[in-house]
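Breakdown of the fold
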Amino acid sequence: MMKKMSIPTSKISLVLFLCQIISALDVPLDSKLLEDLSQPPTITQQSPKDYIVDPRENIVIQCEAKGKPPPSFSWTRNGTHFDIDKDAQVTMKPNSGTLVINIMNGGKAEAYEGVYQCTARNERGAAISNNIVIRPSRSPLWTKEKLEPNHVREGDSLVLHCRPPVGLPPPIIFWMDNAFQRLPQSERVSQGLNGDLYFSNVQPEDTREDYICYARFNHTQTIQQKQPISVKVLSMDSLNDTIAANLSDTDIYGAKPVTERQPVLLTPTGSTSTKVELRGNVLLLECIAAGLPTPVIRWIKEGGELPANRTFFENFKKTLKIIDVSEADSGNYKCIARNTLGSVHHVISVTVKAAPYWITAPRNLVLSPGEDGTLICRANGNPKPSISWLANGVPIAIAPEDPSRKVDGDTIIFSHVQERSSAVYQCNASNEYGYLLANAFVNVLAEPPRILTPANKLYQVIADSPALLDCAYFGSPKPEIEWFKGVKGSILRGNEYVFHDNGTLEIPVAQKNSAGTYTCVARNELGKIQNEVQLEVKDPTMIIKQPEYKVIQRYGQVSFECIIKHDSTLLPTVTWLKDNDELPDDERFLVGKDNLTIMNVTDKDDGTYTCIVNTTLDSVSASAVLTVVAAPPTPAIIYARPNPPFDLELTGQLERSIDLSWIPGDENNSPITSFVIEYEDALHEPGVWHYQTEVPGTQTTVQLKLSPYVNYSFRVIAVNKIGRSQPSEPSEQYLTKSASPDENPANVQGIGSEPDNLVITWEPLKGFQSNGPGLQYKVSWRQKDVDDEWTSVIVANVSKYIVSGTPTFVPYEVKVQALNDLGYAPEPSEVIGHSGEDLPMVAPGNVQVHVINSTLAKVHWDPVPLKSVRGHLQGYKIYYWKVQSLSRRSRRHVEKKILTFRGNKTFGMLPGLEPYSSYKLNVRVVNGKGEGPASPDKAFKTPEGVPSSPSFLKITNPTLDSLTLEWGSPTHPNGVLTSYTLKFQPINNTHELGPLIEIRIPANESSLILKNLNYSTRYKFYFNAQTSVGSGSQITEEAVTIMDEAGILRPAVGAGKGYSEILFATSPVMHTVRPTFYKVQPLYPRIRNVTTAAAETYANISWEYEGPDHANFYVEYGVAGSKEDWKKEIVNGSRSFFVLKGLTPGTAYKVRVGAEGLSGFRSAEDVFETGPAMASRQVDIATQGWFIGLMCAVALLILILLIVCFIRRNKGGKYPVKEKEDAHADPEIQPMKEDDGTFGEYRLFSFVSSAPF
């Protein structure tokens, strides 16, 4: 009988109080807003708790913090104030708390050992760092010792002790010979965890005098060598010879042959031992045995299984390795050593303890005056950690009193806070294995409302779709938000609007009459503010004449129509696809304004053609299938599908099989290739026929396998090359007996839909698979890696069961077993599932941006701990947005862009950036539930680029010898304009060009009068702008100076090169008769309206051409801003479009079009940018030319070192370990990686030996 639990009255009142606490304020991530708000200090970076330093290098103890106003820093050492001003060797970095202790200029690292703690303080509180224990690394020399030779009889065991000097951190041990070759290891000979070399049994080949133990101290980059150990194995043959020489014939002589021995453990000793390991660490257990033959080691866990996916065997199975251990891994582990003579075992009792780890770490709290809140600090460990609180770095028991604060164990409750309640609180969770320290501030703010959405922001939506109007706000206390339509409209209410907590107004179905001005008003007790936004509602884009299904004979012509209707203010683009891919690069495909025509159709044109219409707001598409058929064949023999089989007969009826026979029908001039047998289950699915089997066309009888509890009838279908016959008439019915199920449900899965549940799903058995009446399922589950019993329920014939109250994202073992009235199916297999995911807890840290060029940047970040992901890691997202253009100094609407990088990436590329601009970004981790918190915004700037072309070039006021030029500055200056360049030259009537004149114009000019020109002459002008990076694309124009007063044209470009026609002009002042107009040479040829549509690695270039027919075009392109020569592609035929392939993703290109044979006639330059690369795309470094060259250089260098070492060794000279290691290339003593990720050399490696070479 269960006992009722009584809850004290004080506890009830506390629970009720917590339920009534108002949620804390959310501070938007608006940079200008955050700059204005006061904020207590927050530690952003600090050195590790246990910090081992190189005694030869400067000691850097990190402490970085942020706050408003910026915090000041102080340090304690061994619990007392550390006055850095009194120590000339210690400095603090400017605007930082990081200490630099100068060791390289006379300081001693040992003098600065101790426990350090940093405090960051401003007027709102004080945050503290962890206790940072500074210890210099140590690599002591090997003690001098005299080693006696080891004489051991063949077959006996042997242990060579290493006993390395105690260093900090402990050294890495390995055994080598005098030639610096690794000593071979096997099941018989191996190195133990303590560094000793164990022989299960020695053999004659083990005799040698150079067993040398090496200790490598990575921190100080030194290697220590023990004196060589000599081993001599006494074989039985040599012993027999010695005995024979000293004994008489009558004596019984001869040493015993090598005797086999059963296993004996060399380590560990005894039958039992114990080991304690900490949660999350790697558990290493070792058993090494002596014996002959060499024993084999096997590991088991008493009363359980070794954890799957975390268990590994090393050192020829002598070492058991379990990674990421938890409390569930505690228990008795038995190693068994066995050979042909017997076995021995040892039991190691493992206890897993745990340093404190967070369940709920305290989080920063932003409150308004008079509000309530809580700080919660919950941690677990083994033993259970104790919780203590500090305020501004002082134990809360002796901290200044705050009437709004009440401490209740792991919770601090705040009620009716005031601005003076702002402080930084520290939670310390500790047990005998470690501690956790977390800072969390309480910031009490009183702020009038602010609206962060830009004023008069324009929103455009398609009619009958949702409209979301933003009103991002902040204030303390939290403002109330109201919306109005129009300048004097009434407040918006009713079901036609949705008001979101973040201030956004949603119109679920926007209509034409929804357009207009909307006003958002935010008010609290400290003030009121309002903002207006505009809404435009556009007509949807529609395809009013869709492409239709076509059947066309080979070599014919076919056309698909695609006529659209769209909003007059939206510019649509029409794209045609074939089988969801771009059209073939074939001149037979002609794309018109409203249609697609295919000339001379071939078989490969068969497929689905899709018309896609895109605008900036919507997209529609329609598809049609094209079937290409051959011309009608000549009359021939008529082939047809066979007639159906008949006269079906069932014989040989058994519980699980039956024989079916039939008579084939007429094959109709095409031999029958096979028969298909189908069955109907009249008991479960009457009228539904299922495939049973298929037999060759020569066979007319078959034995069919049956399932229990099915009412069968069969039919047969004949098949030939023409097709399938009609089904035969059904056979008679046959009902099989019931039985327990033969199989269990398939596709069993365990996937949580919420953070606290596990949804178990499966594919139910089909009716005939039930094998009997009363089909049900036994659903069982238990948490993986936890000693829990199976929990089971029996459910009806359904396909899902939900387990509630589970922990977030933990693995479960799941199985589903079928049963019916006659019994259970066989035991099902187990599958691994996971309970529901929750949003990630931690933001990526150490976000760094490397600007590669004006349009491309590379972002690095540190990955988040996998435990904080709380779900399946899907990747990382980079949110980035342009803050402002540095050339215009004007802010604009912030449009955030997102790039997703799959997997556990630590970097990504940002393509398509605008030059000379200020950007910000943050990084978030993504799991199946969604996104985690964003990292702090990281600001960066792009350098200058080349400008775009001037916005216009107008030529006005023509006179006899002058023209006036006016122009507009580039739409995208991409930097600070330094000047303009004007080039011009005359053109005669045969389109030949005269000399080119160039003029440099200051950047602040916008017009120019050109004088001293030839009268009645056509000039061509080229105009572009420059920044410090280079020249931008140019704009071209042509103009003609007017005739003289007589109206007669004189030569303009030298003898024989003037216009051949006469240009006749009149003046209303001087002439009263109607003038005669003569033909004027047109501006042909001309290439204009060059447009580009770019994808990731290709771009579609199109243009308009005016001029003589049969022109041969070419396309020139190159990287924008590059001084490299233009690349040239010849256009096939006289098409007015071309596809550039093989482009680099995320790169700006320049392009122009020209005509062969027409000197100088090219289009104006156009600039386009390819799309960004997919985040998951990687470059194979092994295929890069620079990498191959580097590897060749390294190989050559190693060869030279080998030759030098060989020469020096032959001369008897001594040489350092570095050269020996390079010569023998042993992986244990290879150069270590430097911090920058490249392979370094033994820059500071020293080699110390206690014995001569």
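The structure reproduced in this document is the subject of the present report. (Residues numbered from 1 in each chain as written. Predicted model: local features only at pLDDT ≥ 70, side-chain atom pairs only at ≥ 80, totals over all residues. Heavy atoms only, no water.)

1. A short note on the overall build of the protein chain
A tally of regular secondary structure across the protein chain gives six helices and 94 strands. A burial count over the protein chain gives 41% of its 1253 residues as buried. Restricting to contacts in the protein chain with at least 6 residues of sequence separation, those with at least 24 account for 65%. Looking at the protein chain as shown, the accessible area adds up to about 66700 Å², and 52% of this sits on carbon and sulfur atoms. (Helix = DSSP H or I, 4+ residues; strand = E, 2+ residues; numbered from the N terminus. Buried < 20%, exposed > 50% of the residue type's maximum accessible area, 1.4 Å probe, protein only. Contact = heavy atoms within 4.5 Å. Areas by Shrake-Rupley, 256 points an atom, 1.4 Å probe, with all protein chains shown as cover.)

2. A closer look at unusual backbone geometry
Residue P169 is reached from L168 by a cis peptide bond, and omega for that bond is -10°. By secondary structure assignment, the location of P169 is in the loop between strand 13 (158-160) and strand 14 (172-176). Cis geometry is found at the peptide bond from N382 to P383, where omega equals 5°. You can see P383 is positioned in the loop between strand 31 (378-382) and strand 32 (386-391). Its identity is not glycine, yet N1012 carries a phi of approximately 60°, on the positive side. Structurally, N1012 is set in the loop between strand 84 (1007-1010) and strand 85 (1018-1026). Its identity is not glycine, yet S1016 carries a phi of approximately 50°, on the positive side. Take S1016: it is sitting in the loop between strand 84 and strand 85.

3. What to know about the sheet that holds strand 25 (residues 311-314)
Spatially, three strands are ordered 22-26-25 in an open sheet, and the strand pairing comes out antiparallel. Here the strands that pair on one side only, and so sit at the sheet edges, are strand 22 (283-286) and strand 25. Each strand of the sheet is rotated relative to its neighbour by a mean of 20°, with strand direction disregarded. Direction of pairing for strand 22 relative to strand 26 (residues 319-322): antiparallel, over a ladder of four bridges. Looking across to strand 26, one finds that L283 is bridged to I322. (Pairing = 2+ DSSP bridges. Axes fitted to C-alpha atoms, helices over the stretch in contact; angles between N-to-C directions.)

4. As for the pattern of salt bridges
Evaluation of the coordinates by the stated rule reveals 39 salt bridges. Across the pair R138 and E113 runs a salt bridge, and its minimum N-O distance is 2.8 Å. Taken together, the residues R138 in the loop between strand 11 (132-136) and strand 12 (150-153) and E113 in the loop between strand 8 (99-101) and strand 9 (114-122) connect sequence positions 25 residues apart. Residue classification places R138 among the partly exposed positions, given a relative accessible area of 38%. A salt bridge links R208 to D177; the shortest N-O distance between them is 3.2 Å. Taken together, the positions of R208 in strand 17 (residues 208-217) and D177 in the loop between strand 14 and strand 15 (189-191) put the pair 31 residues apart, joining distant regions of the chain. Here D177 falls in the buried class, since its relative accessible area comes to 10%. (Salt bridge = Lys/Arg side-chain N within 4 Å of Asp/Glu carboxyl O.)

5. Some words on the environment of I997
Note on placement: I997 falls in strand 83 (residues 997-1002). Separated by 13 residues in the primary sequence, I997 and F984 have C-alpha atoms spaced 5.4 Å apart. Discounting chain neighbours no more than four positions away, the residues touching I997 are L982, K983 and F984.

6. Side note on the sheet that holds strand 87 (residues 1086-1094)
Spatially, 87-88-91 is the arrangement adopted by the three strands of the open sheet, whose pairing is antiparallel. In this open sheet, the two strands that pair with only one neighbour each are strand 87 and strand 91 (1137-1140). Across the sheet, the mean angle from the axis of one strand to that of its neighbour is 20°, orientation sign disregarded. The pairing of strand 87 with strand 88 (residues 1099-1106) spans seven bridges and is classified as antiparallel. Bridging from a neighbouring strand, R1086 pairs with E1106 of strand 88.

7. Description of the nonpolar core
Across soluble globular proteins, nonpolar side chains have a tendency to be buried as a group. If you look at the biggest cluster of nonpolar residues, it comprises 28 residues, and the most contacted ones within it are I59, I61, W75, I101 and Y116. For this core, the elements supplying multiple residues, two or more each, are strand 3 (59-61), strand 4 (63-68), strand 5 (72-77), strand 8, strand 9 and strand 11. When residues in this core are grouped by element, the largest group, three residues, is from strand 9. Not counting residues within four places of it along the chain, the set of residues in contact with I59 comprises V53, L99, V100, I101, I103, A109, Y112 and I134. (Core = buried A, V, L, I, M, F, W, Y, C linked by side-chain atoms within 4.5 Å.)

8. Description of the state of the cysteines
Applying the stated criterion across every chain yields a total of six disulfides. The partner cysteine of C287 in its disulfide is C335, sulfur to sulfur 1.8 Å. Disulfide C287-C335: torsion about the S-S bond near -65°, hence left-handed. On the criterion of sequence distance, the pair formed by C287 in the loop between strand 22 and strand 23 (288-292) and C335 in strand 27 (residues 331-339) is long-range, its members being 48 residues apart. (Disulfide = S-S within 2.5 Å.)

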